[in-house]
Amino acid sequence: MVIGFICACLPENDGRANAFFQKISFFLKRPATVDRKETSLSNDRVMPTTLIKNIGEFFTGKLASPIAEVDSLLIRNGCIAELNPSGELDSDITINAEGLAVLPGLVDGHVHPVFGEWTPTQDASSWIGNYMHGGSTSMISAGELHTPGLDYNNLTADLVTSLAEVTCSTTGGTRWSGVKLHAGTVLLVPGMTEHHFDRLAKAGSILAKFIFFPLEEARDQAEQYSDWCRVRGIRTKVHTGGVSRSGSSRICGFDTLSWLQPDVAAHVSGGPIPMSDKDLDRVIDETEFALEICSSGNYRSTLRAVLRLKENNRLDRLTLGTDTPGGTGVIPRGMLRNLLFLTGVCELTPGEAIAVATGNTATAHGLTVGTLEIGAPADLLIAGPVLGSAGNTLADAIAHGDLPGISFVLVDGMVIVNTRSEQTPPPATIAHF
Ligand SMILES: [Zn+2]
């Protein structure tokens, strides 16, 4: 689909277009299985050098300094090599951003993959590619709990470990539609030994999830699991709030979180049912770990949480995810909608909201994507306001809560979407080669 889309955008019999296509065709046709690390593609071929010029707005993905004066950038070997490069530049590809904004690709911190691009949850296919057209270039699984036939009441240590291993090397071993998907998140259950965590580390799991685990009944074991994860570089996430669609998840509020100390507390404003207001306030005021807001949540609790984090000057703890596919649905523009809730309703600045949706979420999960700086993977979007939207800039539009239009998506410097996204309206101005 992506190759066809790019081919369709290239004019026929245009020598420059053909030369360009030859340069990128290797990458488009190469086997999708790549180095799972979020750093640049590992291969010994020379990758094209790409210049993006006429950038109108530049978002860094860093909360401390979310915007910068950058009007051009150079991508070499999949990473950002120079900002505002000067002098004669020998680039293979030049993209004219036509004054549009450049921002990091969005990082969806909470997805539920099952089998590649198909999700049995809503019997939908191509969901990863559709999300990519909605701006998400990295995703982190919060567990493959929608695997058909999985009996939540009879999960064994070997079964959950094997499921994570299989998912790591299948759904998680391939760049579906170019997206960096970190799958193989184990659903922790009682009875696991250190050997199970060795297996998870060897498979490449980056996250382990407490959702069905009886935290209060087996506190020592939960703390042991957290330690085993941390020494292996695996982060921990816990389902918070009331029972999920599974009907089998454990409820979790301040009391449990205060001793468990996960790396990320999932959907603290509900997924779908939030913890009590009192618990939410205490979690924000009295703990230090990352707090995730998801599309599956309660809008009222989301507003409460974000305003309180802002008041406490702790937006650095805030991360985003869609918590989909799931009962909430399949939402290709879900991450953009989360970001717009932060700007339009919670009144974060556009730069802050983008940093939460990118750098913050990546960092909380131990990933190095999500920021645009020299040496960082060139995972980025070129986007702008849609015709008829508030203001003439991306910042004005998203400050008003308006969906932006995506023109280009790049992952590791490779153009995955050009001209316009299939999932957003086109921006009023279109970037081009
Ligand atoms: Zn979830």
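What this report covers is the structure whose coordinates are included nearby. These numbers come from a predicted model, not from an experiment.

1. Looking at the overall build of the chain
For step 1, the next point in the chain: What the chain contains, in helices and strands, is 12 helices and 18 strands.
For step 2, the next point in the chain: Residue burial in the chain is summarised as follows: out of 433 residues, 60% are buried.
For step 3, the next point in the chain: Here the chain has roughly 16400 Å² of accessible surface; of this, 50% comes from carbon and sulfur atoms.

2. What to know about the environment of Thr 343
For step 1, the next point in the chain: Mapping Thr 343 onto the fold places it in helix H10 (residues 334–344).
For step 2, the next point in the chain: You can call Thr 343 buried: its relative accessible area is 2%.
For step 3, the next point in the chain: Setting aside residues no more than four positions away along its own chain, Thr 343 makes contact with Leu 348, Thr 349, Pro 350, Ala 353, Ile 398, Ala 399 and Gly 401.
For step 4, the next point in the chain: Within polar-contact distance, the side chain of Thr 343 engages the backbone oxygen of Ile 398 at 2.6 Å.

3. Some points on the pairing of strand S3 (residues 73–76)
For step 1, the next point in the chain: Sheet analysis places strand S1 (residues 50–53) next to S3, joined by 3 bridges and oriented antiparallel. If you follow Leu 51 over to S3, its bridge partner there is Leu 74.
For step 2, the next point in the chain: Sheet topology note: the S3/strand S4 (residues 79–83) ladder contains 4 bridges and is antiparallel. Across the sheet, residue Ile 75 finds its bridge partner in S4, namely Ile 80.
For step 3, the next point in the chain: Count of turn residues in the S3/S4 antiparallel hairpin: 2 residues, of which Asn 77 carries a positive phi of about 50°.

4. Comments concerning the coordination of the zinc ion
For step 1, the next point in the chain: Distances from the zinc ion to its protein donors, His 110 (NE2), His 112 (NE2) and Asp 323 (OD), fall at 2.0 to 2.2 Å.
For step 2, the next point in the chain: Of note, the zinc ion draws all its donor residues from one chain, in the sequence arrangement H-x1-H-x210-D. Taken together, the positions of His 110 in strand S7 (residues 106–111) and Asp 323 in the loop between strand S15 (318–321) and H10 put the pair 213 residues apart, joining distant regions of the chain. There is no split in this pair, since His 110 and Asp 323 are both buried.

Conventions and cut-offs
- Residues numbered from 1 in each chain as written.
- Predicted model: local features only at pLDDT ≥ 70, side-chain atom pairs only at ≥ 80, totals over all residues.
- Heavy atoms only, no water.
- Helix = DSSP H or I, 4+ residues; strand = E, 2+ residues; numbered from the N terminus.
- Buried < 20%, exposed > 50% of the residue type's maximum accessible area, 1.4 Å probe, protein only.
- Areas by Shrake-Rupley, 256 points an atom, 1.4 Å probe, with all protein chains shown as cover.
- Contact = heavy atoms within 4.5 Å.
- Polar contact = N/O pair within 3.5 Å; in protein donor to acceptor, adjacent residues only side chain to side chain.
- Pairing = 2+ DSSP bridges.
- Donors = N, O, S within 2.8 Å, 3.2 Å for Na, K, Ca; no water.

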